[in-house]
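Residue-level listing of the chains:
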Amino acid sequence: MRKKVIAGNWKMNKTPVEVITFMRSFVELMKNKKTENEIVLCVPYIDVIITQQFLEETNVKVGVQNVHFAESGAYTGEISPRMLDGIGVEYVIIGHSERRQYFNETDESVNKKLKAALAHNLKPIVCVGESLDQRTAGVTKEFVTSQVRKAFEGLSAEDAEKTIIAYEPIWAIGTGKTASKEDANEVCKWIRGEINTLFGNVSENIIIQYGGSVKAANAAELFNMPDIDGGLVGGASLDPEEFFKIVNFDA
Ligand code: PGA
C-alpha cells in the first residue's frame, strides 16, 4: 500500500512573522491528531528555520520550492542541495509550472536538479502537467510522457522510486478549476504506466500526487482515487484550518 503524501506549496507567500500566526493555529490542530499520511510544507527559504522550529512538535516535514543543481559556486542568488541538506530540509519541489513559465526552467534543468537533489538525500517532488491548449488539442498524455521521460533520464530505478511526481494540469493551478477525479486519476495512472515502462515494478511504489485547486471540499474525492497518492496544494495551504482539513481528509 502506498501512503498518501500531501504537500503544501506556499509559493511566494508569508513573512516569518506571518508564519508565526499560521503555526500558532496549525500546530495546535496537528498536535492532537495522528495521521498515517505524510505531510509536508514547502515554504520560502527565509521561512525554513522558523517553520522547522514550530513543526518540531508535530510529524509535519519541511520542504522548499526550488534548488540549484550545483554543489556551490558563483551562482548569485541561488541555493544548493548541499545547503538545504545542511539545514535539515527534507523535501524540494522541482520544475513547478510557474518556474518553467517565469524562470526558464526546462526539462534539462529539471533533470539536473532532480539528480542533484537525490544525491543529497532530498526528497524531490517533480511537477509535470499540460496547458489548456494541450488538453484541448488532445495531447495531454504525449506531453506529460515527454516531461516525465526527460526529467527521469539517467536515473536508476532506486532513485526513480524515491521521487514523487506531482501531476498538475496548468489550467487547474490557482484557477479554482479542478480536474475531475476521473481525469486526474487517468493521467496519474498513465504516468505510473510510463514509470513501469522505464523502471519496471518500482512504479507500484512511486508516489504520484495531483495538484491544481485542491481544497478541503474536494481533497477526499481526489485523494481516494486508486492512482492518486495525495496532492500538492497551493492556495489552500496558506490557511491553517483549511490545510488541516485537507491533510486529514476522509479516507
Ligand atoms: P493551487 O496551486 O492549489 O493554488 O491551484 C497548486 C500548485 O501550484 O502547486
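Just so you know, these numbers come straight off a predicted model, no measurement behind them.

Asker: Explain the overall build of the chain to me, and be specific about the residues and the numbers.
Answerer: In terms of regular secondary structure, the chain is built from eleven helices and eight strands. Computed over C-alpha atoms, the radius of gyration of the chain comes to 17 Å, within 12% of the 18 Å expected from 2.2 N^0.38 for 251 residues, which places it in the range of a compact globule. Dimensions of the chain along its principal axes, counting C-alpha atoms only, are 45 × 45 × 35 Å. Per-residue burial over the chain gives 53% buried out of 251 residues. Across the chain, the fraction of contacts at a sequence separation of at least 24, relative to all contacts at a separation of at least 6, is 72%. Split by element, the accessible area of the chain, about 11,600 Å² in all, is 51% carbon and sulfur. In the chain, which carries 28 positive and 35 negative side-chain charges, the distance between the mean positions of the two groups comes to 1 Å.

Asker: Talk me through the pattern of salt bridges; I want residue IDs and the actual numbers.
Answerer: Taken as a whole, this structure holds 21 salt bridges when the rule is applied. Across the pair K61 and E38 runs a salt bridge, and its minimum N-O distance is 3.4 Å. Remark: E38 occurs in strand β2 (residues 38–42) and K61 occurs in strand β3 (residues 61–64); sequence separation between them is 23 residues. Residue K141 is joined to E186 by a salt bridge in which the shortest nitrogen-to-oxygen separation is 2.8 Å. Note that K141 is positioned in helix α7 (residues 140–151) and E186 in helix α9 (residues 181–199), a separation of 45 residues in sequence. For K141, a relative accessible area of 27% corresponds to the partly exposed category. One connected set of salt bridges, linked through shared partners, spans R2, R192, E204, D227 and D229.

Asker: Kindly report on the pairing of β2, identifying the contributing residues and their values.
Answerer: Extensive coverage of β2 is indicated by the burial of five of its five residues. Pairing of strand β1 (residues 5–9) with β2, which is carried by five bridges, proceeds in the parallel orientation. In the sheet register, N9 faces β2, and the bridge partner there is C42. Crossover connection from β1 via helix α1 (residues 16–31) to parallel β2: handedness right-handed. When β2 meets β3, the two strands line up parallel, connected through three bridges. Along β3, the bridge assignment pairs L41 with V62. For the crossover from β2 across helix α2 (residues 48–55) to β3, the handedness is right-handed.

Asker: I'd like to hear about the packing of aromatic side chains, residue by residue, with values.
Answerer: Enumeration over the complete set of coordinates arrives at seven aromatic pairs. Taking the centre distance of 5.6 Å and the plane angle of 35° together, the rings of F26 and F243 count as tilted. Separated by 217 residues along the polypeptide, F26 in helix α1 and F243 in helix α11 (residues 240–247) bring together distant segments of the chain. In this pair, the class of F26 matches that of F243, namely buried. Here a set of aromatic residues connected by ring pairs shows up, and it is made of W10, F22, F26 and F243. The ring centre of W10 lies 5.4 Å from the NZ or CZ of K14, which sits over that ring. Above the face of the F69 ring, K112 is positioned so that its terminal group lies 4.2 Å from the ring centre.

Asker: Lay out the site of the ligand with the relevant residues and their values.
Answerer: In the vicinity of the ligand lie 13 residues, with K11, H96, E168, G174 and S213 positioned nearest. Side-chain polar atom of E168 to an oxygen atom of the ligand: 2.7 Å apart, as the coordinates give it. Here G234 contributes a backbone N or O atom positioned 2.8 Å from an oxygen atom of the ligand. Relative to its unbound accessible area of 280 Å², the ligand is 95% covered by the protein chains.

Cut-offs applied
Residues numbered from 1 in each chain as written. Predicted model: local features only at pLDDT ≥ 70, side-chain atom pairs only at ≥ 80, totals over all residues. Heavy atoms only, no water. Helix = DSSP H or I, 4+ residues; strand = E, 2+ residues; numbered from the N terminus. Rg over C-alpha atoms; globule rule 2.2 N^0.38 Å. Buried < 20%, exposed > 50% of the residue type's maximum accessible area, 1.4 Å probe, protein only. Contact = heavy atoms within 4.5 Å. Areas by Shrake-Rupley, 256 points an atom, 1.4 Å probe, with all protein chains shown as cover. Lys, Arg positive; Asp, Glu negative; His and termini not counted. Charge placed at Lys NZ, Arg CZ, Asp CG, Glu CD. Salt bridge = Lys/Arg side-chain N within 4 Å of Asp/Glu carboxyl O. Pairing = 2+ DSSP bridges. Right-handed = clockwise from strand over helix to strand, strands pointing away. Phe/Tyr/Trp six-rings, centres within 6.5 Å; stacked < 30°, edge-to-face > 60°. Lys NZ or Arg CZ within 6 Å of the ring centre and 35° of its normal. Near = heavy atom within 4 Å. Polar contact = N/O pair within 3.5 Å; in protein donor to acceptor, adjacent residues only side chain to side chain.

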